[in-house]
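# Structural overview
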Amino acid sequence: MDLAASFQDAQARVKTLTKAPSNDELLELYALYKQASAGDVTGSRPGMMDFKGRAKFDAWATKKGTSKDSAMTAYVALVDRLVK
């Protein structure tokens with residue numbers, strides 16, 4: 001299976017988790033997904049009262065400069081770890 005197919009498979013599998021991931025794991029999944037699908041973070045950081053938006057933006061910003069393939073690989077590995 002090529003990387004793009006593995007990435008799509010991981011996206012489907014993450015929706016079938018029986019146990020909810022921790023907040024840190026959810027942010028990591030979000031950041032890796034966004035980096036793999038959209039590239040480096042763009043726009044301005046959400047305002048101080050938007051806690052969720054800020055956390056997501058900050059998590060994605062930590063992946064800046066990560067290649068699409070590296071982000072996909074890390075996403076698939078994280079989903080594999082969560083599924084077990």
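Quick notes on the rules
Chains are numbered independently. Their residues run from 1 in the order of the written sequence. Restriction of local features to residues with pLDDT of at least 70 applies here, the model being predicted, together with a cutoff of 80 or more for giving and counting side-chain atom pairs; totals for whole chains, interfaces and linings are based on all residues. Each side-chain value is derived from all of the structure's non-hydrogen atoms; neither hydrogens nor water enter the calculation. Numbering of helices and strands runs from the N terminus, with a helix taken as a DSSP run of H or I at least four residues long and a strand as a DSSP run of E at least two residues long. Restricting the calculation to C-alpha atoms gives the radius of gyration, and the globule rule supplies 2.2 Å times the number of residues raised to the power 0.38. Three exposure classes are used, based on accessible area relative to the maximum for each residue type with a 1.4 Å probe and protein chains only: buried under 20%, partly exposed in between, and exposed over 50%. Contacts: residue pairs with any heavy atoms within 4.5 Å of one another. The charged-residue count follows a simple rule in which Lys and Arg add positive charge and Asp and Glu add negative charge, with His and chain termini not counted at all. Charge placement uses NZ in Lys and CZ in Arg. For Asp and Glu, CG and CD serve respectively. Only one rule defines a salt bridge in this text: a Lys or Arg side-chain nitrogen within 4 Å of an Asp or Glu carboxyl oxygen. Exposure above 30% relative accessible area and no salt bridge define the residues that can form patches, which grow by joining like charges within 9 Å and nonpolar side chains of Val, Leu, Ile, Met, Phe, Trp and Tyr within 5 Å. Note on areas: Shrake-Rupley, 1.4 Å probe, and residue coverage restricted to the protein chains presented here. Here a cavity denotes grid points, spaced 1 Å and computed from the protein atoms alone, that fit a 1.4 Å probe unable to get out, and a pocket denotes an open set having protein on both sides within 12 Å along at least 5 of 7 lines; residues with an atom within 4 Å of a point are the lining. Grid points are joined across faces, edges and corners, and a volume is the space filled by probe spheres set on the points. For this classification, Asp, Glu, Lys and Arg are treated as charged, while Ala, Val, Leu, Ile, Met, Phe, Trp, Tyr, Cys and Pro are nonpolar and the rest, including Gly, are polar. Angular values range over 0 to 180 degrees, each being the angle between N-to-C directions of two axes fitted as lines to C-alpha atoms, with helices fitted over their stretch in contact. Roughly parallel refers to an angle under 35 degrees, roughly antiparallel to one over 145, roughly perpendicular to one between 65 and 115, and oblique to any angle outside these ranges. Should the near helix be turned anticlockwise from the far one by less than a right angle, the crossing is left-handed, and should it be turned clockwise, the crossing is right-handed. What makes a nonpolar core is a set of buried Ala, Val, Leu, Ile, Met, Phe, Trp, Tyr and Cys residues whose side-chain atoms join them at distances within 4.5 Å.

Another aspect to go through is the overall build of the chain. A count of helices and strands for the chain gives 4 helices and 0 strands. Along the chain, helices and strands appear, N-terminal first, in the series α-α-α-α. Scaling as 2.2 N^0.38, a compact globule of 84 residues should have a C-alpha radius of gyration of about 12 Å, and the chain matches this with 13 Å. Here the chain holds 84 residues, and 27% of them are scored as buried. Sequence separation of at least 24 residues holds for 73% of the intrachain contacts in the chain that already meet a minimum separation of 6. The averaged location of the 10 negative side-chain charges in the chain is 4 Å from the averaged location of its 13 positive side-chain charges.

For the structure on display, the rule yields 4 salt bridges. As a salt-bridge pair, Glu28 and Lys63 come within 2.9 Å of each other at their nearest N and O atoms. Residue Glu28 is located in helix α2 (residues 23-38), and its partner Lys63 is located in the loop between α3 (51-61) and α4 (68-83); the two are separated by 35 residues in the primary sequence. Assessed through its relative accessible area of 15%, Lys63 is described here as buried.

Attention now goes to a nonpolar patch on the surface. Together, Met48, Met49 and Phe51 give the surface a local cluster of nonpolar side chains, amounting to about 440 Å² of exposed area. Among the secondary structure elements, Met49 is positioned in the loop between α2 and α3.

Reported here for the largest pocket is a volume of approximately 320 Å³. Lining the largest pocket are 13 residues, with Leu26, Leu27, Leu29, Tyr30 and Lys56 sitting closest to its centre. Sorting elements by how many residues they give to the lining of the largest pocket places α2 first, with 6 residues. Taken together, the residues of the lining of the largest pocket sort by class into 8 nonpolar, 2 polar and 3 charged.

For the pair helix α1 (residues 3-14) and α4, interaxial distance at closest approach is 9 Å and the crossing angle is 40°. Accordingly, the angle class assigned to the pair α1 and α4 is oblique. Like other packed secondary-structure pairs, α1 and α4 cross with a definite hand, here left-handed. Of the residues in α4, those in contact with Leu3, Ala4, Ser6, Phe7, Ala10, Gln11, Arg13 and Val14 of α1 are Asp69, Met72, Thr73, Tyr75, Val76, Val79, Asp80 and Val83. The residue inventory of the contact of α1 with α4, partitioned by class, reads 10 nonpolar, 3 polar and 3 charged.

By size, the foremost hydrophobic cluster in this structure holds 13 residues, and its most contacted members are Phe7, Leu29, Tyr75 and Val79. Here this core takes 7 residues from α4, the largest share from any one element. Contact partners of Phe7, with chain neighbours within four places excluded, come to Tyr33, Ala36, Met72, Tyr75 and Val76.

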